[in-house]
Structures are given as C-alpha cells and as structure tokens.
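# Breakdown of the fold
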Amino acid sequence: LYDQRLKLLGIQLAGTAALDNDRKAAEALRNIGRVHEDHGDFALALDYYTQSLARYELIDDDHGRAKTLKYMANANLYVDHVRAADLYQQCYEVQQSIGDERGAARTLMGIALSRHHAADLDGALQLYRDSIAASQKLGDIHAVALANNNLALLHIRGRTRCAARR
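In every chain, residue numbers begin from 1 and rise along the written sequence. Local features are withheld for residues below a pLDDT of 70 in this predicted model, meaning they are given only at 70 or higher, and side-chain atom pairs are given and counted only at 80 or more; totals for whole chains, interfaces and linings count all residues. Derived side-chain values reflect all non-hydrogen atoms in the structure, with water molecules and hydrogen atoms excluded from consideration.

With that settled, consider the overall build of the protein chain. On a plain count of helices and strands, the protein chain comes out with eight helices and zero strands. Ordering the α and β elements of the protein chain from the N terminus gives α-α-α-α-α-α-α-α. In terms of principal-axis extent, the alpha carbons of the protein chain reach across some 65 × 35 × 25 Å. Buried residues in the protein chain amount to 39% of all 166 residues. When charges are counted, Lys and Arg are positive and Asp and Glu negative, with His and the chain ends excluded. By convention, the point assigned to a charge is CZ for Arg, NZ for Lys, CD for Glu and CG for Asp. Taking the 21 positively charged and 21 negatively charged side chains of the protein chain as two groups, their mean positions are separated by 8 Å. Starting at the N terminus, helices and strands are each numbered in turn, a helix being any DSSP run of H or I of at least four residues and a strand any DSSP run of E of at least two. Throughout, exposure labels follow a simple rule: accessible area from a 1.4 Å probe, protein chains only, divided by the maximum for the residue type, with under 20% read as buried, over 50% as exposed, and the rest as partly exposed.

Structure (structure tokens):
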C-alpha cells in the first residue's frame, strides 16, 4: 500500500509539473510527505514538507502554508520538540492572520504538546487551558476532549516527577 500510494502521488506530482500548477504541486509534495511520515520516515517526510512549504510561499498561499507548517511541526515532535514548538508557533501566527480561529485553537494544543515533551509542564498547562477555552468558545467539542485528555496526561506526568524527587 505504501509503494502504491507513493506511485500514485508521484504521477500526480508529474501531472502538476506538466500543467505548471504550483498549488497542486505543493499539495502533492505535502501528501508524499504524509505517506513517508505514516511510514515512520520523518526525515524524508520533512524534506517533502519543506519543498511543499516553499511552493506555498512562492504563490503566497497562507492556508497551504499553515497546513504544511502544522504537518512539519507534527513530524518534528518526534525528532526535535524545540523545532516543533517553533513551527507550531509559525503556524499559529499564520492561522491568526487569516482568521482561522479553529485551526489556531487546535495549534495551541500542538504548542502545548511540544512544551509537554520538553518537560515545560507549567508552559504546557497554560497552553492546554488556553486551547480548551478557545475550543469551547468555538464549540469544538472534539478539540476540548483531546486537550482535556492531554491535560490529564500532563497532570499524571507532573505527579510522577514529584514522586520521583521524594
């Protein structure tokens, strides 16, 4: 299935080059990156995401930029949580600039998760709370549930660290 997905996306990418369609090419590159990320090859995924982001920047597509930045951040979460936090922050700023409140609220959760991975529990706590508040305001119950779940995991981790210090 992995090879088949890559082959089909390669055909799509070649077709976009023939049509000189940067938006579709950026989308195909991002999708190829997703396939590699799903397969666990984060370095190759990030390479394709970087190519995709460059195309979106070339055509000044902020929606595509935000989406690609978020995929890059998600992939970096397992490689470099500091870089992930930076990418989530860039994504958040783009989402705010284009009025994507739902995306921005969910990206706050990503920033919190990167802080959580970096053991910045206080920073993560505040960002999860901010994400919950923003998601509740928008009626996004799925995001509220997910952020509350992550908040519970944060509390468990915090209690475990406190117990280990004793």
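To continue, consider the nonpolar core. By convention a nonpolar core is built from buried Ala, Val, Leu, Ile, Met, Phe, Trp, Tyr and Cys residues, the set being connected through side-chain atoms within 4.5 Å. Tyr-49, Tyr-128 and Leu-154 are the most contacted members of the largest nonpolar core, which totals 33 residues. For this core, the secondary-structure elements that each account for two or more residues are helix H3 (42-58), helix H4 (62-76), helix H5 (81-97), helix H6 (101-117), helix H7 (121-138) and helix H8 (141-165). Beyond its immediate sequence surroundings of up to four residues, Leu-154 is in contact with His-116, Leu-121, Ala-124, Leu-125 and Tyr-128. Working rule for contacts: check all heavy atoms of both residues, and any pair within 4.5 Å makes them a contact.

A few words now on the packing of aromatic side chains. Here the aromatic set is Phe, Tyr and Trp, taking the six-membered ring for Trp, and pairing holds for ring centres within 6.5 Å; pairs whose planes are under 30 degrees apart are stacked, those over 60 apart are edge-to-face, and all others are tilted. If you walk through the whole model with that rule in mind, you get two aromatic pairs. Look at Phe-42 and Tyr-78: their rings are 5.5 Å apart centre to centre, the planes differ by 25°, and that puts the pair in the stacked class. On the criterion of sequence distance, the pair formed by Phe-42 in helix H3 and Tyr-78 in the loop between H4 and H5 is long-range, its members being 36 residues apart. For Phe-42, a relative accessible area of 23% corresponds to the partly exposed category. Given the relative accessible area of 59%, Tyr-78 is considered exposed. Between Tyr-49 and Tyr-71, the aromatic rings sit 5.8 Å apart at their centres with planes inclined by 25°, giving stacked as the arrangement. Residue Tyr-49 is found in helix H3, and its partner Tyr-71 is found in helix H4; the two are separated by 22 residues along the sequence. For the pair Tyr-49 and Tyr-71, one class covers both residues: buried.

At Asp-60, a residue that is not glycine, the phi angle is positive and equals roughly 60°. Within the secondary structure, Asp-60 sits in the loop between H3 and H4. A positive phi angle, near 70°, is found at Ala-119, a position not held by glycine. By the element assignment, Ala-119 lies in the loop between H6 and H7.

Attention shifts here to H3. For a helix, the expected span equals 1.5 Å multiplied by the residue count minus one. Counted at 1.5 Å a residue, the expected span for H3 with its 17 residues is 24 Å, and the 24 Å between its end C-alpha atoms agrees. For H3, the complete set of buried residues consists of Ala-45, Leu-46, Tyr-49, Ser-52, Leu-53 and Tyr-56. One side of H3 carries all its buried residues, which in axial view fall inside an arc of 125°. Facing away from the buried side of H3 by over 90 degrees, the exposed positions are Ala-43 and Leu-58. Those residues of H3 that are buried are in contact with helix H2 (22-38) and H4. Asp-60 sits one or two residues past H3 and shows a positive phi near 60°. This arc corresponds to the set of directions leading from the helix axis out to the C-beta atoms.

Residue placement: Asn-76 occurs in helix H4. In this structure Asn-76 comes out as buried when scored by relative accessible area, which is 7%.

What follows concerns the packing of H2 against H3. Axis angle and axis distance: for two packed helices, these are the angle between their axes and the distance between the axes, and together they describe the pair. Where helices are involved, their axes are fitted lines through C-alpha atoms of the stretch in contact, as for all axes, and angles between N-to-C directions lie from 0 to 180°. H3 packs onto H2 with a crossing angle of 165° between their chain directions and a minimal axis gap of 8 Å. Accordingly, the angle class assigned to the pair H2 and H3 is roughly antiparallel. You can see that H2 and H3 cross each other, and the crossing is left-handed. Seen from H2, the contacting residues are Asp-22, Arg-23, Ala-25, Ala-26, Glu-27, Leu-29, Arg-30, Ile-32, Gly-33, Arg-34, His-36 and Glu-37; seen from H3, they are Phe-42, Leu-44, Ala-45, Tyr-48, Tyr-49, Gln-51, Ser-52, Arg-55, Tyr-56 and Leu-58. Should an angle fall under 35 degrees it is taken as roughly parallel, and over 145 as roughly antiparallel, whereas 65 to 115 is taken as roughly perpendicular and any remaining angle as oblique. Each crossing gets its hand from how the near helix is turned against the far one by less than a right angle, where anticlockwise is left-handed and clockwise is right-handed.

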